[in-house]
Amino acid sequence: MQVRRTQQVDREGVAWISHLVTSELGWIFREQTTVDVGIDAHLEVLDSATSKATGQLLGVQIKSGLSYFGSATDGGWWFTCNAAHASYWLGHSLPVLVMLYNPVTRRVYWQHVTRWTAVVTGKGWKVFVPEDQELSAQSVQDLRPLARSTSEISALKSLFTWGVEGDSKSSLWERDIELYRHLLSARLHMLFPEVVATKDVRIDTSPVDMEVWLTIGLIVEVALIHPSSRLDKLLDKSTYAYEPLLIVVCGARDLNDCPQLQKASFEAPLFCTAWSPEAGDDESLIAAMEAALRWMDPPLDTMAEG
């Protein structure tokens, strides 16, 4: 009986990723060989100091073959999938990663499937897999935070979004906004101890979601947006006056994740930044906040400690 080359490549990809997870990350790789419906393996984080299992897991969908690297774009590749798979991964109790294996270079690239990285195409969904997210020992730093217990994240969201009602798509985003308000408020206060972030009382009449104000009375308005949000209201300067406005693209690792920002032309006092609590990198957030503070009159010295 003939064995198809694609089957061999599939097995090669699983085996190589198992090797990398075990030898480079120092974690446990468990292949799912029974009733595979979209998750090929589970990764379990091991404590680097004690080698004890943590119970923190990641689900992985593995795709092997050159065909997944055929349509390269700037900085990576688009992985396409159908709506059923996207819905399954987004609703999974574990964080889900897509991993692409190149059988020629024997390199593996990954992406976390979230509502920020999964994009509707009309016919299905697509997920951008960056070339700078190659699976290696350095991936531990990026992947470990993703493997936090989902029950912890759910509990935090339930606590912070208490009282936000509704099941519509817009209401779900309102819950996310409420969560980001709390997370971003705490982060900004840590980075800029002299500022306080509050929920904007004019939330129903302007696109602003939060205000960051200084003890001397100056205010920076903050709009929290989804990477796929329309920015019509934010760009309509004839309707709204800004203090200046800091646009925070929630859940994005960089502004390239928000295509409409690339097409729009921004002038002060609009400052844009991508920020995700999972990314563990506040440099763009600090830069945008400092730019907003410098724009204000009188000019302010840099206050960030981080």
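These numbers were taken from a predicted model, which means no experiment stands behind them.

Reading the values: rules and limits
- Residues numbered from 1 in each chain as written.
- Predicted model: local features only at pLDDT ≥ 70, side-chain atom pairs only at ≥ 80, totals over all residues.
- Heavy atoms only, no water.
- Helix = DSSP H or I, 4+ residues; strand = E, 2+ residues; numbered from the N terminus.
- Buried < 20%, exposed > 50% of the residue type's maximum accessible area, 1.4 Å probe, protein only.
- Contact = heavy atoms within 4.5 Å.
- Areas by Shrake-Rupley, 256 points an atom, 1.4 Å probe, with all protein chains shown as cover.
- Pairing = 2+ DSSP bridges.
- Axes fitted to C-alpha atoms, helices over the stretch in contact; angles between N-to-C directions.
- Salt bridge = Lys/Arg side-chain N within 4 Å of Asp/Glu carboxyl O.

Below, the discussion takes up the overall build of the chain. Looking only at helices and strands, the chain has 8 helices and 14 strands in total. Looking at the 306 residues of the chain, the share that counts as buried comes to 44%. In the chain, once contacts between residues fewer than 6 apart in sequence are set aside, the share between residues at least 24 apart is 55%. Put simply, the chain shows about 16400 Å² of open surface, and 51% of that area lies on carbon and sulfur atoms.

On to the sheet that holds strand E5 (residues 76–81). Read across the sheet, 4 strands follow the order E4-E5-E9-E8 without closing on themselves; strand pairing throughout is antiparallel. In this open sheet, the two edge strands, each paired with only one partner strand, are strand E4 (72–73) and strand E8 (118–120). Two strands pair when backbone bridges link them, and E4 and E5 are joined in this way by 2 bridges, in the antiparallel orientation. Counterpart to Thr73 in the pairing with E5 is Gly76.

All right, on to the sheet that holds strand E3 (residues 53–64) then. Pairing is mixed across the open sheet formed by 5 strands, whose spatial order is E1-E2-E3-E6-E7. The open sheet has two edge strands with one neighbour each: strand E1 (28–31) and strand E7 (107–113). On average, adjacent strands in this sheet sit at an angle of 30° to one another, irrespective of strand direction. Bridge count between E3 and strand E6 (residues 96–102): 6 bridges; the pairing is parallel. Within the sheet, the bridge partner assigned to Ile62 lies in E6 and is Met99.

The subject of this paragraph is the pattern of salt bridges. Enumeration over the complete set of coordinates arrives at 3 salt bridges. Two residues, Glu31 and Arg11, come together in a salt bridge whose shortest N-O distance is 2.7 Å. Taken together, the residues span a long stretch of sequence, with Glu31 in strand E1 and Arg11 in helix H1 (residues 5–25) at a distance of 20 residues. Residue Glu31 is classed as partly exposed on the basis of its relative accessible area, which comes to 31%. Put simply, Arg30 and Glu44 hold a salt bridge, and the shortest N to O gap is 2.7 Å. With Arg30 in strand E1 and Glu44 in strand E2 (residues 41–46), this pair connects stretches of sequence that are 14 residues apart. Residue classification places Arg30 among the partly exposed residues on the basis of a relative accessible area of 35%.

None of the figures reported here should be taken as evidence of function without further support.
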